[in-house]
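Below are the chains, spelled out letter by letter.
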Amino acid sequence: DAKRNGRGAWRFFDSSAQKRIDHRERLEAIVVDALANEGFTIALQPICSVTKQEHVGFEVLARLFHDGIFVPPDQFIPVAEEQGHIPAIGRLVLEKSFAFFGEMKNHGLHPGRLAVNVSPAQFREPGFAEEVQDLLFRYCIAPTDLVLEITETALIGRSKELVEKTLCRLRAMGISISLDDFGTGFSSLSHLRDFSVDEIKVDKSFVQDLEASAGDRALIKGLVELAHCLDLSVVAEGVETLAQFEYVRDLGVDFAQGFFHARPLSPREAEEFLSQSQTSSMLQIG
Ligand code: C2E
Ligand code: MG
Ligand code: MG
Ligand code: MG
């Protein structure tokens, strides 16, 4: 009856809310433990130029394994952000990225540019630009080898001046700024007008249906034209198939990233990837 349904529904609601809290608390404990015990690593996913299909760089992705089990960033990043652990994780990811870059150079390999994700809370930390500058200096890395990927949520909010100042500082150093997951937020177009960025990264949700959806093809075509008019380059993420790759190429996208080209790789696999692609291109030239 209604009364029982009501009680049942309430109990169900109660237990799922409690489960959510337990889950978040457990995730936070895992994050704290990983920060204390070197639990974080990075994965590197190759990005290639669409026209020449040449390697141009990597996107760096944070990786967290707990008791050997993979914890996806989509789960731990929001919890870390909420609990104030993002600056520490962000710094770690930058350091690991720069250490990888230096190692590749020492081994005579060319990693290309590194694109590192920056969460809104990290981007809005006072002194973020200076911290990046210090790290670049300490690891002897040219600012032009670094791309910072920010999402639109980093731009929204009260302190528009602070955001614009940080963007200008980073770009004045020579660092490129990429607007990640472009198209999934709101008022994307006004962000292109109001903030100075170098690149947009078209979200994978626009790429996955390219074969079936004339609408998505038109959207990407329009975005590319708009971006190029504003002197921005365009990266397509989540390119999984040859057909998708051919579509993004024909629609004028500049760079592609996705399982079609390569999965996110461990640093060791990324080194292998570089040495294979760079010796084979040397053989072609020679
Ligand atoms: P993102 O920045 O949009 O990164 C791209 C995501 O797409 C990655 O998921 C990547 O593994 C996945 N991906 C790449 N190619 C394909 C493909 O062909 N098909 C499909 N279906 N997926 C593909 P991942 O590694 O799970 O990261 C998820 C999100 O977590 C990232 O989305 C980013 O927003 C966030 N994230 C990852 N690492 C960091 C970090 O170091 N700092 C911050 N703040 N956020 C991070
Ligand atoms: Mg990204
Ligand atoms: Mg992205
Ligand atoms: Mg995305």
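The structure we're discussing is the one just above.
These notes cover the structure that comes with them.

The rules behind these values
- Residues numbered from 1 in each chain as written.
- Chains lettered and ligands numbered in written order.
- Predicted model: local features only at pLDDT ≥ 70, side-chain atom pairs only at ≥ 80, totals over all residues.
- Heavy atoms only, no water.
- Donors = N, O, S within 2.8 Å, 3.2 Å for Na, K, Ca; no water.
- Helix = DSSP H or I, 4+ residues; strand = E, 2+ residues; numbered from the N terminus.
- Buried < 20%, exposed > 50% of the residue type's maximum accessible area, 1.4 Å probe, protein only.
- Near = heavy atom within 4 Å.
- Polar contact = N/O pair within 3.5 Å; in protein donor to acceptor, adjacent residues only side chain to side chain.
- Areas by Shrake-Rupley, 256 points an atom, 1.4 Å probe, with all protein chains shown as cover.
- Nonpolar A, V, L, I, M, F, W, Y, C, P; charged D, E, K, R; others polar.
- Expected span 1.5 Å × (residues − 1).
- Arc of directions from axis to C-beta.
- Contact = heavy atoms within 4.5 Å.

Our next topic: the coordination of the magnesium ion (ligand 3). Protein coordination at the magnesium ion (ligand 3): the donors are D180 (OD) and E237 (OE), at 1.8 to 2.0 Å from the metal. A separation of 3.5 Å is found between the magnesium ion (ligand 3) and the magnesium ion (ligand 2), which are bridged by D180. Remark: E237 occurs in the loop between β8 (233–236) and α10 (242–250) and D180 occurs in strand β6 (residues 176–182); sequence separation between them is 57 residues. Residue E237 is classed as buried on the basis of its relative accessible area, which comes to 8%.

Let us now look at the site of ligand 1. Ligand 1 sits among 23 residues. The nearest are R63, D180, K204, E240 and F259. One nitrogen or oxygen atom from the main chain of S119 is found 3.3 Å from a nitrogen atom belonging to ligand 1. Considered on its own, ligand 1 offers 800 Å² of accessible surface; in the complex 85% of this is hidden by protein. Here the shell around ligand 1 gets four residues from one element, more than from any other, and that element is strand β2 (residues 55–66). Looking at the shell around ligand 1, its residues break down into nine nonpolar, five polar and nine charged.

On to helix α9 (residues 214–229), then. Its 16 residues give α9 an end-to-end C-alpha distance of 23 Å, which sits within 8% of 22 Å, the value for a rise of 1.5 Å per residue. Turning to α9, its buried residues number three or more, namely D216, I220, L223, V224 and A227. Along α9, the residues classed as buried sweep out an arc of 100 degrees about the axis, all on the same side. Its buried side turned inward, α9 meets β6, β7 (199–202) and β8. Two residues or fewer after α9 comes D231, characterised by a positive phi angle close to 70 degrees.

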